[in-house]
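Remarks on the overall topology
Each chain, written out:
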Amino acid sequence: MDMSENWLNGLYDHIQVLDDREDGELSETERLKQIRRPLLSWYRENARMLPWRENREPYRIWISEIMLQQTRVEAVKPYFFRLLEELPDIRSLAEVPEEKLLKLWEGLGYYSRARNLQKCARELVENYGGQMPDDFEEILKLPGIGRYTAGAIASIAFSIPVPAVDGNVLRVVSRVLGDRSDITKPVFKRKTETLLKETMDQEHPGEYNQALIEVGALVCVPNGEPKCPVCPLASLCRTRRDGLWKEIPYKPPKKQRKREERTVVIFERGGQIALKKRPPSGLLASLYELPNAEGHLEEKDVLEAFQFGEKDVLSVRALPKARHIFSHVEWEMSGYRIELGPDARGDGNLIFTDKKGLEETYPLPNAFSAYKKLIMCNNGKGRKR
């Protein structure tokens, strides 16, 4: 490093230290303008190598952003590769049968995201020639795309200088500004979008947005103490200066989840497993499930609920307990593994399929993953009655 580089770096460090001393003189706008250079510099050296960052193809960015909503990065990767392999472009996504799409999505949860993807793809084929429009407002009009996703696609794929404000960005900005506002309120999100639109890097908006998100994901983390000693924004952060990371960002206490008991049944008949399709609306709409009922049912009540008689039953085993947490409800599950005779028919809504069908055809939600493993391993567990 030559003397001029040393001098410039020293001057930059001085500016940041000066900010600490004269903190009160910086407005919110001035403070956010000053984060641009250290933020981008840090991102270029520390950004994770992620498959959707390999190029700026709008379709890949769009798919990844929808998948990443409420889902961890590591969990998304295999689904991203699998969906792109089967559905490499917008037109193939528009034309795929819904059941196949849901099977590709199986395990990611929040299945309405997949349905909205297809709805949007069909709109793009019908009205945009199968291409993502290169205009923020046009992208925002598309079904299933909100302001964050539209901002991410517009800035990353098309270098349009619009912010992409998600939970990570709200946390970072509220801490940098020392803002105690409730970050769950739409008014705070609107304020953040306005401030960032005025102050973000205009030449590299995609990198800028991703950098803010990356700081929130890796440094200014959501659960636990932020890693202030390695944060590129530390000298500009009012929350770090005042030691208020436990108080900022502010979120009101979450409402307690509703808890429900469910009785789940694995009906087996001649090597096939019974499934049932859920209603077209509501929780897990139109997905397939293992037959189940609300509450903890005795064996005789289960048989009655699914219209089997005692003469249909060859054996019964208790299933181990399992739990699944949705966003607003928690299922506490127990149940039975019931082997049926070859002539058993029961509820006319039951569909019997083999393991291959369960693995390749019918999308089964994660709520039943513990019991699916028992089926695939052919392990009854529990005590034979």
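Let me begin by describing the structure that accompanies this report. Throughout, a residue's number is its position along its own chain's written sequence, starting from 1. Note on the predicted model: pLDDT of at least 70 is required for a residue's local features to be given, and 80 or more for side-chain atom pairs to be given and counted; whole-chain, interface and lining totals, by contrast, use all residues. As a rule here, side-chain values come from all non-hydrogen atoms in the structure, and water together with hydrogens is ignored.

In this section: helix α10 (residues 147-158). Comment: elements are numbered from the N terminus, with helices defined as DSSP H or I runs of at least four residues and strands as E runs of at least two. Expected helix span is given by 1.5 Å per residue-to-residue step, counting one fewer step than there are residues. The terminal C-alpha atoms of α10 lie 15 Å apart, and with twelve residues this matches the ideal 16 Å at 1.5 Å per residue to within 8%. Across the twelve residues that make up α10, a large majority, ten, are buried. Relative accessibility decides the category of a residue: with a 1.4 Å probe and only protein chains considered, values under 20% of the type maximum give buried, values over 50% give exposed, and everything between is partly exposed. Within α10 the residues assigned to the buried category are Y148, T149, A150, G151, A152, I153, A154, S155, I156 and A157. The contact criterion used is simple: two residues touch if any of their non-hydrogen atoms lie within 4.5 Å. Its buried side turned inward, α10 meets α4 (58-68), α9 (136-141), α12 (186-199) and α13 (205-218).

Turning to its location among the elements, G130 is positioned in the loop between α8 (112-127) and α9. Judged by its relative accessible area of 12%, G130 falls in the buried class. Expressed as a C-alpha distance, the spacing of G130 and A94, which sit 36 residues apart in the sequence, is 9.0 Å. Discounting chain neighbours no more than four positions away, the residues touching G130 are I90, R91, L124 and V125.

Turning to α8, a few remarks are in order. At 3.6 residues per turn, the α-helix brings residues three or four places apart onto the same side. Across its 16 residues, α8 extends 22 Å between first and last C-alpha, which sits within 8% of the 22 Å expected from 1.5 Å per residue. Taken together, the buried residues of α8 touch α4, α6 (90-95) and α7 (98-105). Positive phi appears at G129, one or two residues downstream of α8, with a value of about 65°.

Here we come to empty space enclosed by the protein. A pocket here means an open set of points on a 1 Å grid, computed over the protein atoms alone, that has protein on both sides within 12 Å along at least five of seven lines. A cavity is instead a set of points where a 1.4 Å probe fits but cannot get out; residues with an atom within 4 Å of a point line either one. Grid points are joined across faces, edges and corners, and a volume is the space filled by probe spheres set on the points. Enumeration over the complete set of coordinates arrives at one cavity of 30 Å³ or more. Quantified by volume, the largest cavity comes out at close to 140 Å³. Along the wall of the largest cavity there are 16 residues; nearest its centre are R175, C220, C228, C231 and C237. Residue assignment for the lining of the largest cavity shows that the elements contributing at least two residues are α11 (167-177) and α14 (238-242). When residues in the lining of the largest cavity are grouped by element, the largest group, three residues, is from α11. Gly is placed with the polar residues, together with every amino acid not listed as nonpolar (Ala, Val, Leu, Ile, Met, Phe, Trp, Tyr, Cys and Pro) or charged (Asp, Glu, Lys and Arg). Here the lining of the largest cavity is built from residues that sort into twelve nonpolar, one polar and three charged.

Moving on, we come to the side chain of T263. Along the chain, the position of T263 falls in strand β1 (residues 258-269). Side-chain atoms alone can form a polar contact between residues adjacent in sequence; in general such a contact is a pair of N or O atoms within 3.5 Å, and within protein one must be able to donate a hydrogen while the other accepts it. For T263, the side chain forms a polar contact with the main-chain oxygen of G295, separated by 2.6 Å. Within polar-contact distance, the side chain of T263 engages the backbone nitrogen of L297 at 2.8 Å. Discounting residues that sit within four places of it in the chain, T263 has contacts with P291, N292, A293, G295, H296, L297, V302, S334, G335 and Y336.

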